Amino acid sequence: MKELFYKSTRNSAIRVTASQAILKGLSDEGGLFIPESIPALGRPIEDFADMTYAQTAYEVMSRFYTDFTEEELKSCINKAYDKKFDTEVIAPLVEADGAYYLELFHGPTIAFKDMALSILPHLMITSARKNNVKNDIVILTATSGDTGKAALAGFAEVEGTKIIVFYPKNGVSAIQERQMVTQKGDNTFVVGIHGNFDDAQTGVKKIFADKEFAKELDEKGYQFSSANSINIGRLIPQVVYYVYAYGIMLKEERIKAGEKINVVVPTGNFGNILAAYLAKHMGVPIDKLICASNHNKVLYDFFRSGEYNRNREFYLTTSPSMDILISSNLERLIYLIAGEDDEKNKELMRLLSETGSYTITDKMKEGLNDFVGGFATEEETAKRIKELYEKTGYVLDTHTAVASYVYEQYVKETGDTKKTVIASTASPFKFGQSVMEAIDGKEHNEDMFELVETLSKTANVSVPGAVSELKSAPVLHNHICEKDGMKDIIKEFLEM
Ligand SMILES: *Cc1c(COP(=O)(O)O)cnc(C)c1O
């Protein structure tokens, strides 16, 4: 197979292999890595009807990660998509009310970040070996809740890695904190900091930039890396499930080979929907990519007007993983629609960081024809959960409900009858309080285990193991530090 290199969105002359891009995460001048061309599927689409998740994953990833051997890649895939998932099919497709929900929440943290974070550690450690990195990789993460646990679960007990997660001590939900502090694995460290998420994030960034500290670490046989969502080690594994979903649709004879489908994605950082865009451009017959936002509708406004503007009020919603004003993965799309013009992209990103906004040219706007933007308010989101439940018995989480509402509106406005896959990004059990309140209109302030029982009866779905286990799981982490004590606690963990 022809080797595929990656270049930076802010300097097209930079050229690295896939494994180097995975190790680095971000390019030195701040750009994101992007493949020099989007590879084709390389097989008739019919072939995917008979493939397992692991087989599909190999087909897709081998097109992008051309410097990995077949053995290396298959080993990473098999270690990732195993019994950690509570269903053998990994990502089931469920029909409800005329749409197809692709359930991406059957992994250890019952949200879609598991799809990529369960394989990233293995890709990273393989990349380290391939590039003769002898150091152990230390993952540093600041989390507002979700990513931290998914990263901990992915890296736990992966040889040659350690992971240190900082979270705001009073800034995550009870269930999120419990998920983190009960994490098993000798290589995992969890610390609550006295401060908010921004303090944790700023602290981590400072430590990443500390050259002196990096030298000290190197002498001890360690180097830092990040599990950030802009890493191509997270982006490419997300392409897999769109190919897989098309395969299931074929197998179940919902569509004929070559028939176009639409895809709806509840969007925050723009990683998941960008993966669907890549799937489309690999050759999966996808027509519209429908980008669903919550009340923080920066992307909706961008698709309408061509102006990206983060200077606006920020809302806390019941779909917190989409409460984002800067969608970092959008930069890759901007680069592509600018005709892979690194200077143009760099200029727009400079405007974004200095003024908070930028406007694309009319020519660039044509590149957005694949996309449709939509949004749902808090009331619309809750209403959609209730309606779908009353009509079909199927219970959505708040994020997926945003997408479901946006899809309904899209059909009303366009009359488009193409079969549609909706990315279902979290289990309703993860956001049980908002979901129950949407369904019965009452307040639900009961204890979290009582709440999941109520939801289980309502949805007629058993409580996922990931939640029920928490009840008896021992607390294994109780470290607390001050904002300026992060470096010291890292040294303590690494015995420096
Ligand atoms: C992260 C997340 C999203 C947003 O995905 P992006 O790739 O950041 O756009 C949506 N829903 C849930 C439940 C998430 O955890």
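Report on the accompanying structure.

Looking at the packing of aromatic side chains
- By the definition in use, this model includes 18 aromatic pairs.
- A network of ring pairs unites the aromatic residues Phe270, Tyr277, Phe302, Phe303, Tyr308, Tyr358 and Phe371 as a single cluster.
- The ring centre of Phe68 lies 5.6 Å from the NZ or CZ of Lys130, which sits over that ring.

Some remarks on helix H2 (residues 53-64)
- Here H2 contains 12 residues, and its C-alpha end-to-end distance of 17 Å stays within 8% of the 16 Å for a straight helix at 1.5 Å per residue.
- In terms of burial, H2 is a largely internal element, 10 of the 12 residues being buried.
- Among the residues of H2, those classed as buried are Tyr53, Thr56, Ala57, Tyr58, Glu59, Val60, Met61, Ser62, Arg63 and Phe64.

What about the nonpolar core?
- Formed by 111 residues in total, the largest nonpolar core has its most connected members in Tyr6, Met61, Tyr65, Phe270, Ile334 and Tyr358.
- Counting residues per element, this core draws most heavily on helix H10 (residues 232-251), which supplies 14 residues.
- The contacts of Tyr6, once residues within four sequence positions are left out, are Ile14, Arg15, Val16, Thr17, Ala18, Ala21, Phe33, Ile34, Pro35, Phe64, Tyr65 and Ile232.
- Ranked by size, the runner-up nonpolar core spans 38 residues in total, among them Ala96, Met322, Met436 and Leu470.

A few points about empty space enclosed by the protein
- Taken as a whole and judged by the stated rule, the model has 2 cavities of 30 Å³ or more.
- Within this model, the largest cavity holds a volume of roughly 60 Å³.
- Of all the elements in the fold, those that place two or more residues in the lining of the largest cavity are strand E3 (33-35), H10, helix H11 (271-282) and helix H13 (330-337).
- For the lining of the largest cavity, the class distribution of residues is 9 nonpolar, no polar and 1 charged.
- As for the second largest cavity, its lining consists of Thr267, Gly268, Ser293, Asn296, Val298, Leu299, Met322, Ile324 and Ser327.
- A per-class count over the lining of the second largest cavity returns 4 nonpolar, 5 polar and no charged.

Concerning the pattern of salt bridges
- Counted under the stated rule, the structure contains 29 salt bridges.
- The partner of Glu408 in a salt bridge is Arg384, and the shortest N-O contact between them spans 3.5 Å. With Glu408 in helix H17 (residues 398-414) and Arg384 in helix H16 (residues 378-392), the pair connects residues that are 24 residues apart, well separated along the chain.
- On the basis of relative accessible area, Arg384 is assigned to the buried category, the value being 5%.

Looking at the pairing of strand E5 (residues 99-103)
- Of all 5 residues in E5, 5 are buried, a share of seventy percent or more.
- Two elements, strand E4 (residues 93-96) and E5, share 4 bridges in a ladder whose sense is antiparallel. Within the sheet, the bridge partner assigned to Val94 lies in E5 and is Tyr101.
- If you look at the hairpin formed by E4 and E5, you'll find 2 residues sitting between the two strands, and Asp97 has a positive phi there, around 50°.
- Summarising the sheet, E5 and strand E15 (residues 420-424) pair through 4 bridges and their orientation is parallel. Among the inter-strand pairings, Tyr100 is bridged to a residue of E15, identified as Val421.

Some points on the environment of Ala292
- Tracing the sequence through the fold places Ala292 in strand E11 (residues 286-293).
- The contacts of Ala292, once residues within four sequence positions are left out, are Val264, Val265, Pro266, Thr267, Met322, Gly374, Val402, Ala403 and Val406.

A word on helix H8 (residues 197-209)
- Its 13 residues give H8 an end-to-end C-alpha distance of 18 Å, which sits within 8% of 18 Å, the value for a rise of 1.5 Å per residue.
- Of the residues making up H8, those classed as buried are Ala200, Gly203, Val204 and Ile207. One side of H8 carries all its buried residues, which in axial view fall inside an arc of 95°. Seen from the buried face of H8, the exposed residues on the opposite side, beyond 90 degrees, are Asp198, Lys205, Lys206 and Ala209.
- At its buried positions, H8 is contacted by strand E6 (136-142), strand E7 (161-168), strand E8 (188-194), helix H9 (211-219), strand E9 (222-225) and helix H21 (486-493).

What to know about the environment of Glu495
- In this structure, Glu495 sits in the segment after H21.
- Between the alpha carbons of Glu495 and Val411 there is a distance of 58 Å; along the sequence they are 84 residues apart.

Overview of a negative patch on the surface
- There is a patch of like negative charges on the surface, built from Glu482, Asp484, Asp488 and Glu492.
- If you trace the backbone, Glu482 turns up in strand E16 (residues 479-482).

Details of the packing of H16 against H17
- In contact at an axis separation of 8 Å, H16 and H17 are set at 90° when each is read in the N-to-C sense. When the axes of H16 and H17 are compared, the pair comes out roughly perpendicular. Packed against H16, whose contacting residues are Glu380, Thr381, Arg384, Ile385 and Glu387, the element H17 presents Thr398, Ala401, Val402, Ser404, Tyr405 and Glu408 at the interface.
- Residue classes in the contact of H16 with H17 are distributed as 4 nonpolar, 3 polar and 4 charged.

What counts, and where the lines are drawn
- Every chain's residues receive numbers from 1 upward, in the order its sequence appears when written.
- The model is predicted, so local features are restricted to residues of pLDDT at least 70 and side-chain atom pairs to those at 80 or more, both for listing and for counting; the totals for chains, interfaces and linings are taken over all residues.
- Excluding hydrogens and water, the side-chain values take into account all heavy atoms of the structure.
- Here is the rule: rings of Phe, Tyr and Trp (six-membered ring for Trp) pair when centre to centre is within 6.5 Å. Planes less than 30 degrees apart are stacked, more than 60 are edge-to-face, and the remainder are tilted.
- Two limits define a charge over a ring: the Lys NZ or Arg CZ must be within 6 Å of the ring centre, and within 35 degrees of the ring normal.
- Only runs of H or I of at least four residues qualify as helices and only runs of E of at least two qualify as strands under DSSP, and these elements are numbered from the N terminus.
- Expected span, for any helix, means 1.5 Å times one less than how many residues it has.
- Only protein chains enter the calculation, and the probe is 1.4 Å; a residue is then buried if its accessible area is under 20% of its type maximum, exposed if over 50%, and partly exposed in between.
- Nonpolar cores were defined as sets of buried Ala, Val, Leu, Ile, Met, Phe, Trp, Tyr and Cys residues, with membership established by side-chain atoms within 4.5 Å.
- A contact between two residues is defined here by any heavy atoms of the two lying within 4.5 Å.
- Here a cavity means grid points, on a 1 Å grid over the protein atoms only, where a 1.4 Å probe fits yet cannot get out; a pocket means an open set of points with protein on both sides within 12 Å along at least five of seven lines; lining residues are those with an atom within 4 Å of a point.
- Grid points are joined across faces, edges and corners, and a volume is the space filled by probe spheres set on the points.
- Ten residue types, Ala, Val, Leu, Ile, Met, Phe, Trp, Tyr, Cys and Pro, are classed as nonpolar, four, Asp, Glu, Lys and Arg, as charged, and the remainder, Gly among them, as polar.
- Salt bridge, as applied in this entry: a Lys or Arg side-chain nitrogen positioned within 4 Å of an Asp or Glu carboxyl oxygen.
- Any two strands are treated as partners once DSSP identifies two or more bridges connecting them.
- The arc in question is traced by the directions running from the helix axis to the C-beta atoms.
- Here a patch means residues that are over 30% exposed by relative accessible area and free of salt bridges, tied together within 9 Å if like-charged and within 5 Å if nonpolar (Val, Leu, Ile, Met, Phe, Trp, Tyr).
- All accessible areas in this document rest on Shrake-Rupley with a 1.4 Å probe, and a residue is counted as covered only by the protein chains that are shown.
- Note on charges: Lys and Arg go in the positive column, Asp and Glu in the negative column, and His and the chain ends are not counted at all.
- A charge is said to be at NZ when it belongs to Lys, at CZ for Arg, at CG for Asp and at CD for Glu.
- The axes are straight lines fitted to the C-alpha atoms, using for helices just the contacting stretch, and the angles between their N-to-C directions are given from 0 to 180°.
- We call two directions roughly parallel when the angle between them is under 35 degrees, roughly antiparallel when it is over 145, roughly perpendicular when it lies between 65 and 115, and oblique otherwise.

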